[in-house]
Amino acid sequence: MLHIGAHPDDENTELITYLARGRGLRTGYLSLTRGDGGQNELGRDFDEKLGVLRTHELLAARRLDTGRQFFTRAIDFGFSKTPEETLAFWDKEQVLGDVVRVIRQFRPDVIVTRFPVPPGSGGHGHHTASAMLAVEAFKLAGDPKAYPEQLAQGLTPWQPKRVLWNVFRFGGGANAPLPLDGPTFNQDIAGTDATTGQEFGQIAALSRSQHKTQGLGGFALRPRTGPNGQTFLLLAGTPAKSDLLDGVDTTWKRYPGGAAIDAALERIIADFKADAPGASAPALLDLRRQLAALPTDPVVADKRAQLDRILTSCLGITVETTVDRPEITPGEAVTINCRVVFPQSWQPRAPGIEIKHLDTRASGGDFVRARGPVGILSGLLVVADQLTGTLPLGTPPTQPYWLREPGAAGLARVSDPRLIGRPDNPPAVSVSYVLQIADQELTITDEPVCVTRDEQGEHRRRLDVVPPVTLALNAETLYLAPGAAKEVTVTLSAVRPGAGTLRLQAPAGWTVAPAAQPFAFERTDEKLTRTFTLTAPAGGGTGALLAVAELGGRSYSHQRIELRYAHLPLLLLQPPASARLVSFDLAVRGRHIGYLPGAGDSVAECLEQMGCTVRRLTGSDLTPEKLAGLDAVVIGVRAFNERVDLKDHLAGLFAWVEQGGTVVAQYNRPNGLAAPTLAPYALSIDGPAPQLRVTDERAAVTALAKHPALTSPNLIGPADWAGWVQERGAYFPSKWDEAHFTPLLAMSDPGEAPLKSSLLVARHGKGYYVYTGLAFFRQLPAGVPGAWRLFANLVSLKGE
């Protein structure tokens, strides 16, 4: 079964657990996106970084419910109201091709969508689009004329039997009418896991709780127990009467000569002895010969690998592959410690079967085997080898494969089609243990890990390839006035000792001085800084600035970003060491700004690029005395949701506004407000969330009033609404005190009535209180000129 949804956390973990752990089916979840455009309840990592976090949350979930994980190249670009908008943004034909590819790779008998097709709605354009693509891919995957390039790459057509919607109802409860017509059936997916004794609902709740960045950690405490009836509605294919797999032959009879395999399996299962699993080895070896005689296809290859795992488990064979450090640079030598562990005596475990360790070899470099000692450890026979070798100089530093190349707005670029669909990178180095069991050769493949231990337990980390030096520019977005110069600082961090030169690559028309600067590191972890002068063209412009280190005859241009979250392993990103360049006319009067952080954004850093002095604040700083001297206070996104120190200090903030200060409060979400009072006058954000946002970043914008926020010091006109990214804004107020707040802008998505609350400004005493749902937190880091000019006006309202 292949389950298809749009995002991490869309999947029905109860269904996956029931099918994978309860019925032993190959069960996969295809998430079309990696959740890049979502929220992060635990930190400031968004966009690509959030997508990496959510990818690994899904992998953690699958380790619990034992499903398999797949992805397409589609990028989560935030909330979408319609599937039509979604499919246009994603490049429908490309994403559809990825869904077809996964179906041909995984070969499911049945597809189950999480969301309905139109006229049903998944409550999100991505959701509905995922169901539409699932149905269309179901019809194309078996057609050799569809995506023929996949067949040239070794895939073959595959036609599942049916595609179903796992029904849910928005509102109205279990008796609400279904939005779609079609045959339905009900199936109870409750049960108990034979291995752990846990109910499937308990395992599923633990699986769902792995989505901690989405605030779902509490699901572990709310498992569903008892009966769990689910409704399934046919979307395409052959109807089912009472079971997802009605009419599907799950036996080996679907392959020529497979009846003998079924008979052998029945005998092996009947004869299995839990206290003597090795006694099954001879029959398993016979079965292995039968499988080897079948023509290879993805399912047969998968089952052969599964049988090898069963065989080695019955024989008690384990392998352990470790390295003494988790990071290696290209051209550097590494030693891999390899251990094969056998039961000390074979005769009680597997009478009459001889087992030999033939070889240990590695891919990913030029490795030589040093045969190690053979000894007895805790009653086990241990063969210990070492592989020593050098990683090729041309090995690229570790980076998630879908982030290695610049992509389009809605689609990642992946040059190697073999990677499409995979949840993560293949290992940089892999080790193969070659064994002879009786007269058959068997290979166990493993990945080297670095194992460390501390008071929290054991930690295992993959081997990452890192450059000998990493680089970091002093800002992600650099603003310069046209023709102006600014100092740019690069921090160099030594991964290994060495010497070289550093230069900055700038677009045409921009100049950098000096052209290059030398550097030298005597030790690992040493840090140096180098400063260049960057000059913008007289006419302004945009582009990217790239830091490049020349070292040992090779060029390196990588940042180092560590994602550290308690529920995940350390995740290393190494994107290009670049900064966005923007140069346009901008006037700012408010130069002294206080910034109260919320859930996390880069607005403060962008204010500093405007030339403002920014002071970070806490709730206790919100008094007229402590805010004296500031022109404006900017409140970060979702601060009213996140900050427990805001509610009790708002009176002081409002008093400061009365004395002449300006507050710019960015958007909040209606649920979970830690500080429900959002302004000195009545203002509410309760309402139907999808309708109180504008997702079309190109939506027309109309000025509703002549106000200093739109005229001074920058005159805001139609051109300032060009180039916005992802959305205009979200969570606009639903009600406000019309006697005090002035709505300044009207905008809407296609076919909807204009929304007038994206930017509300109230005069409060001598000052101004601004509440805005405009997505400044996205537009400012993206260098959108109009957003910079409008935000500069808002922080410059003092004295108007």
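The shown structure was predicted, so the numbers you read here are calculated from the model rather than taken from an experiment.

A. Representation of the overall build of the chain. Tallying secondary structure elements over the chain gives 18 helices and 42 strands in all. Taking 28 Å as the expected radius of gyration for a compact globule of 800 residues, we find that the chain reaches 30 Å, a close match to that expectation. Scored against the burial criterion, the 800 residues of the chain give a buried share of 54%. In the chain, once contacts between residues fewer than 6 apart in sequence are set aside, the share between residues at least 24 apart is 73%.

B. Summary view of the packing of helix H8 (residues 259-271) against helix H9 (residues 281-292). Viewed as axis vectors pointing N to C, H8 and H9 meet at an angle of 165 degrees, and their least axial separation amounts to 10 Å. Between H8 and H9, the crossing angle belongs to the class labelled roughly antiparallel. The crossing of H8 and H9 is left-handed. For the pair H8 and H9, contact is made by Ala-260, Ile-261, Ala-264, Leu-265 and Ile-268 and by Ala-283, Leu-284, Leu-287, Gln-290 and Leu-291, respectively.

C. The arrangement of the sheet that holds strand E24 (residues 511-513) in detail. The antiparallel open sheet is built from four strands, whose spatial order is E20-E22-E26-E24. The open sheet has two edge strands with one neighbour each: strand E20 (469-473) and E24. Between one strand axis and the next, the sheet turns by 30 degrees as a mean value, whatever way the strands run. Inspection of the sheet shows E20 paired to strand E22 (residues 485-494) by five bridges, in the antiparallel sense. By the bridge assignment for E22, Leu-473 is matched with Val-490.

D. Focus on the packing of aromatic side chains. Summed over the entire model, instances satisfying the criterion amount to 19 aromatic pairs. Summarising the aromatic geometry, the rings of Phe-584 and Trp-788 are spaced 6.2 Å apart at their centres and angled 85 degrees between planes, so their arrangement reads as edge-to-face. Here the residue Phe-584 occupies a position in the loop between strand E31 (578-583) and strand E32 (592-596), and Trp-788 occupies one in helix H18 (residues 785-794), the gap between them amounting to 204 residues. One aromatic cluster is present, formed by Trp-721, Trp-724, Phe-776 and Phe-791 through successive ring pairs. Here the guanidinium or amino end of Arg-222 rests over the ring plane of Phe-219, the centre of that ring lying 4.7 Å away.

E. The arrangement of helix H2 (residues 47-65) in detail. Helix length check: H2 (19 residues) gives 27 Å between terminal C-alpha atoms against 27 Å at 1.5 Å per residue, within 8%. The buried fraction of H2 amounts to 14 of the 19 residues, a majority that puts the element mostly inside the structure. Positive phi appears at Thr-66, one or two residues downstream of H2, with a value of about 65 degrees.

F. Up close: the sheet that holds strand E1 (residues 2-5). The strand order across the open sheet formed by seven strands is E3-E2-E1-E4-E5-E7-E6, and the pairing between neighbours is mixed. Sheet topology places strand E3 (68-71) and strand E6 (184-188) at the edges, where each strand pairs with a single neighbour. Across the sheet, the mean angle from the axis of one strand to that of its neighbour is 30 degrees, orientation sign disregarded. With four bridges connecting them, strand E4 (residues 110-113) and strand E5 (residues 162-166) associate as parallel partners.

G. The side chain of Asp-601, seen in detail. The topology assignment puts Asp-601 in the loop between E32 and helix H12 (603-609). In terms of polar contacts, Asp-601 uses its side chain to reach the backbone amide nitrogen of Val-603, at 3.1 Å. Engagement of the side chain of Asp-601 in a polar contact is seen with the backbone nitrogen of Val-637, the distance being 3.2 Å. Filtering out sequence-adjacent residues up to four positions away, Asp-601 remains in contact with Arg-44, Tyr-595, Gly-636, Val-637, Gln-666 and Phe-777.

H. Spatial organisation of the nonpolar core. Leu-607, Met-610, Val-634, Leu-745, Leu-774, Leu-780 and Phe-791 are the most contacted members of the largest nonpolar core, which totals 53 residues. The element that contributes the greatest number of residues to this core is H18, accounting for six residues. For Leu-774, the contacting residues outside a window of four places in its chain are Trp-721, Trp-724, Arg-728, Gly-729, Phe-732, Leu-745, Met-747, Ser-758, Leu-759 and Leu-790. Judged by nonpolar contacts, the second largest core, of 41 residues, contains Ile-268, Leu-285, Leu-287 and Phe-342.

I. Region of the structure containing the pairing of E32. The element E32 is extensively covered by neighbouring structure, given that four of its five residues are classed as buried. With four bridges joining them, E32 and strand E33 (residues 613-616) adopt parallel strand pairing. Residue pairing across strands places His-592 opposite Thr-613, the latter belonging to E33. Handedness of the crossover is the feature at issue here: the chain leaves E32, passes through H12, returns alongside E33, and the resulting connection is right-handed. Relative to strand E34 (residues 632-635), E32 runs parallel, the two sharing four bridges. Within E34, the position partnered with Gly-594 by the bridge is Val-633.

J. Local environment of the environment of Pro-427. With respect to the element layout, Pro-427 can be found in the loop between strand E14 (380-390) and strand E15 (430-437). The spatial distance from the C-alpha of Pro-427 to the C-alpha of Ser-363 is 9.6 Å, given a sequence separation of 64 residues. The contact partners of Pro-427, leaving out residues within four places of it in the chain, are Glu-447 and Arg-462.

K. Representation of unusual backbone geometry within the structure. That bond from Pro-118 to Pro-119 is cis: its omega, 10 degrees, falls within 30 degrees of zero. Take Pro-119: it is sitting in the loop between E4 and helix H5 (125-140). Omega for the bond connecting Ser-712 with Pro-713 falls within 30 degrees of zero, at 0 degrees, which places this linkage in the cis form. Notably, Thr-66 is not glycine yet its phi reads approximately 65 degrees, a positive angle. Its place among the elements puts Thr-66 in the loop between H2 and E3. In this structure, Tyr-147 is a non-glycine residue whose phi angle is positive, near 50 degrees. Note that Tyr-147 resides in the loop between H5 and helix H6 (148-152).

L. Broad picture of the packing of helix H4 (residues 92-106) against H5. The geometry of H4 relative to H5 is characterised by a closest axis approach of 9 Å and an angle of 60 degrees between their N-to-C directions. With respect to their mutual orientation, H4 and H5 come out oblique. In this structure, H4 crosses over H5, and the sense of that crossing is right-handed. Across from Lys-92, Val-95, Leu-96, Val-99, Val-100, Ile-103 and Arg-104 in H4, the residues of H5 making contact are Leu-133, Glu-136, Ala-137, Phe-138 and Leu-140.

M. Region of interest: the side chain of Arg-669. Structurally, the position occupied by Arg-669 is in the loop between strand E35 (662-665) and strand E36 (683-684). Apart from residues no more than four positions distant in its own chain, Arg-669 is found in contact with Gln-39, Glu-41, Arg-638, Asn-641, Ile-685 and Tyr-731.

N. Summary view of the environment of Thr-329. With respect to the element layout, Thr-329 can be found in the loop between strand E9 (327-328) and strand E10 (333-343). A relative accessible area of 6% means that Thr-329 is categorised as buried. It is 21 Å that separates the C-alpha atoms of Thr-329 and Leu-546, two residues lying 217 residues apart in sequence. What Thr-329 contacts, discounting residues up to four positions off in sequence, is Leu-391, Val-466, Pro-467, Pro-468, Val-495 and Arg-496.

Each value, and the rule that gives it
- The written sequence of each chain sets the order in which its residues are numbered from 1.
- pLDDT decides what is reported in this predicted model: residues at 70 or higher carry local features, side-chain atom pairs at 80 or more are listed and counted, and totals for whole chains, interfaces and linings draw on all residues regardless.
- Hydrogens are left out, water is left out, and the side-chain values use all remaining heavy atoms of the structure.
- Helical segments are the DSSP runs of H or I of at least four residues, strand segments are the runs of E of at least two, and each set is numbered from the N terminus.
- Values of the radius of gyration come from C-alpha atoms, whereas the globule rule sets the reference at 2.2 Å times the count of residues to the power 0.38.
- For every residue, the accessible area obtained with a 1.4 Å probe (protein chains only) is divided by the maximum for its type, and the residue is called buried under 20%, exposed over 50%, and partly exposed between those limits.
- Two residues qualify as a contact provided that any one of their heavy atoms is within 4.5 Å of a heavy atom in the partner residue.
- With axes taken as lines fitted to C-alpha atoms, and helix axes fitted only over the stretch in contact, angles between N-to-C directions fall between 0 and 180 degrees.
- If an angle is under 35 degrees, it is roughly parallel; if it is over 145, roughly antiparallel; if it lies from 65 to 115, roughly perpendicular; otherwise it is oblique.
- For a crossing to be left-handed, the near helix must be turned anticlockwise from the far one by less than a right angle; the clockwise case is right-handed.
- Criterion used throughout: strands pair if DSSP finds at least two bridges between them.
- Each Phe, Tyr or Trp ring, with Trp reduced to its six-membered ring, pairs with another whose centre is within 6.5 Å; inter-plane angles below 30 degrees give stacked pairs, above 60 give edge-to-face pairs, and intermediate values give tilted ones.
- Look at NZ for Lys and CZ for Arg. If either is within 6 Å of the ring centre and within 35 degrees of the ring normal, a charge sits over the ring.
- For a helix, the expected span equals 1.5 Å multiplied by the residue count minus one.
- Two N or O atoms count as a polar contact when they lie within 3.5 Å, although within protein this holds only if one can serve as hydrogen donor and the other as acceptor, and sequence-adjacent residues are included solely when both atoms are side-chain atoms.
- In this description, a nonpolar core means a group of buried Ala, Val, Leu, Ile, Met, Phe, Trp, Tyr and Cys residues linked to one another through side-chain atoms lying within 4.5 Å.
- For a crossover, the right-handed case is the one in which the path from the first strand over the helix to the second runs clockwise, viewed with the strands pointing away from the viewer.

None of the figures reported here should be taken as evidence of function without further support.
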